[in-house]
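Coordinate analysis (summary)
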Amino acid sequence: MIRPRLEVADIFHRHGAAWRKANAGHLSLGQLQVMAAIEQCRTAALGGHVERCNNCGHSRISYNSCRNRHCPRCQGAAAQDWLMAREADLLPVGYFHLVFTLPAEIAPIAYQNKAVVYDLLFRTAAETLLTIAADPRHLGARIGTTAVLHTWGSAMTHHPHVHMIVPGGGISLDGTRWVHCKPGFLLPVRVLSRLFRRLFLTALADAHTTGRLRFFGEIEGLRRHQAFTAHLAPLRRKNWFVYAKPPFAGPEAVLAYLARYTHRVAIANSRLIALDECGVTFRYKDYRRNGQARFRTMTLAADEFIRRFLLHVLPKGFHRIRHYGLLASAGCKANIARARELIAVPMPMVDPPAAHDTADQRDPPDHRPPCPCCGGRMLIVETFGRGGAPRGPPFTAASGD
């Protein structure tokens with residue numbers, strides 16, 4: 001695996017200590033923990049192990065990952081594990097991609113009340129889809145959806161929205177047949193947008209009434225009921241953004257999309273270009289432009305880059321991937337089996353383990369890269385703890401040690 005020449009960890013190493021000192025007292029424990037995890041990821045601070053190729057004898061030291069869900073280094077393996085579990089749940093129908101976005105006026109409230117507002121975003125977007133789909137004037141069926149929360153725009157600004165992946169159809173309300181959607185069309189976006197707006201604003205007002213929202217700094221005045229009501233009033237007339245992308249080209253394309261989106265963080269290391277006296281330069285997309293003009297670069301001062309990155313740290317224990325309707329965890333397997341039966345497609349066969357695979361199936365998948373010399377399997381021959389080091393330099397076939 002080729003390591004990017006610049007990583008978020010490098011920026012934290014060079015500027016993190018000064019940034020923490022300058023912002024002391026204004027950072028959450030979660031933000032500090034994310035910074036520490038990224039700085040220590042795959043370094044001796046977390047310990048590691050020595051791997052040796054069972055074919056040519058080449059050895060290398062591998063340091064442990066932090067496994068923090070905000071770390072750009074760690075999400076690739078986590079995404080693959082998640083996808084393996086989801087693959088058997090795919091149905092042989094077209095899939096649609098919808099995006100539900102909160103208006104900019106809500107973003108400051110969401111930032112100061114992440115757990116409450118992001119949860120409302122999930123629940124009201126899902127309720128909107130399930131309600132309109134069940135309406136006989138539209139699809140007239142029970143559908144399922146997988147929702148993924150993103151809180152950033154391409155330039156790492158705060159932009160809360162959920163991506164929803166929806167099978168193109170559902171089980172009829174009486175449970176007797178599979179209802180296919182129209183070719184290339186799932187549900188009317190304008191109808192979705194209006195119901196989403198009404199459900200979310202009603203739920204947000206209720207959260208304010210019951211004292212579940214907190215306000216600080218520039219929006220502290222919204223604590224007062226009258227001010228909060230006045231702030232929301234224009235949003236009841238504004239068009240809310242619900243975007244329906246063209247349908248995916250088959251289940252394989254759905255998996256490819258999910259692999260890119262489910263475990264994405266605010267910025268991937270691959271988008272970073274330079275770290276110098278001018279700041280951090282990275283690639284981003286300007287969606288107000290078309291064609292090649294959309295692909296641009298931006299340079300931010302290091303402290304502003306760190307600030308933007310940490311805007312997107314989620315509350316501890318908050319689930320950013322959720323399933324609703326037919327795909328809700330409680331009845332997912334039974335619903336998938338029933339859907340396949342109604343579509344008249346047999347359940348997928350599970351391939352038996354390969355002959356050479358004797359590992360306990362309960363163990364996590366092995367994501368170690370193969371031997372760079374011969375492509376052989378790398379085996380762990382020594383482990384060492386946090387802050388430790390191998391007992392001696394790793395043997396390599398090339399060195400002849």
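These numbers come from a predicted model, not from an experiment.

Cut-offs used in this document
- Residues numbered from 1 in each chain as written.
- Predicted model: local features only at pLDDT ≥ 70, side-chain atom pairs only at ≥ 80, totals over all residues.
- Heavy atoms only, no water.
- Helix = DSSP H or I, 4+ residues; strand = E, 2+ residues; numbered from the N terminus.
- Contact = heavy atoms within 4.5 Å.
- Areas by Shrake-Rupley, 256 points an atom, 1.4 Å probe, with all protein chains shown as cover.
- Buried < 20%, exposed > 50% of the residue type's maximum accessible area, 1.4 Å probe, protein only.
- Bend = angle between axes of the 7 residues up to and from the residue.
- Pairing = 2+ DSSP bridges.
- Axes fitted to C-alpha atoms, helices over the stretch in contact; angles between N-to-C directions.

Notes on the overall build of the protein
- Tallying secondary structure elements over the protein gives ten helices and 14 strands in all.
- Here the contacts in the protein between residues at least 6 apart in sequence split such that 71% fall between residues at least 24 apart.
- Within the structure as shown, the protein displays about 21300 Å² of accessible surface, and the carbon and sulfur contribution to it stands at 55%.

Points about the environment of Gln 33
- Tracing the backbone through its elements, the reader meets Gln 33 in helix α2 (residues 29-40).
- Residue class for Gln 33 comes out partly exposed when judged on its relative accessible area of 45%.
- Expressed as a C-alpha distance, the spacing of Gln 33 and Val 313, which sit 280 residues apart in the sequence, is 9.8 Å.

With respect to helix α1 (residues 8-22)
- Remark: the principal bend of α1, roughly 60 degrees, maps to His 15.
- Taken residue by residue, α1 has Val 8, Ala 9, Ile 11, Phe 12, Gly 16 and Trp 19 as its buried positions.
- Contacts made by the buried residues of α1 are with α2, β10 (272-276), β11 (279-285) and α9 (302-310).

A look at the sheet that holds strand β1 (residues 48-53)
- Ordered in space as β2-β1-β14, the three strands form an open sheet in which the pairing is antiparallel. Edge strands, defined here as strands with exactly one partner in the open sheet, are β2 (59-63) and β14 (378-384). Going from strand to strand, the sheet's axes swing by 30 degrees on average, the running direction of each strand aside.
- Sheet topology places β1 next to β14; six bridges connect them, and they run antiparallel. Its bridge partner lying in β14, Arg 52 is registered against Leu 379.

Re the sheet that holds strand β7 (residues 169-172)
- Read across the open sheet, the three strands follow the order β4-β7-β8; overall the sheet is antiparallel. Since the sheet does not close on itself, it has two edges, and those belong to β4 (141-142) and β8 (178-180), each with one partner.
- Taken together, the three bridges between β7 and β8 define a ladder with antiparallel strand orientation. Among the inter-strand pairings, Ile 171 is bridged to a residue of β8, identified as Trp 178.

Coordinates in, geometry out; function isn't part of it.
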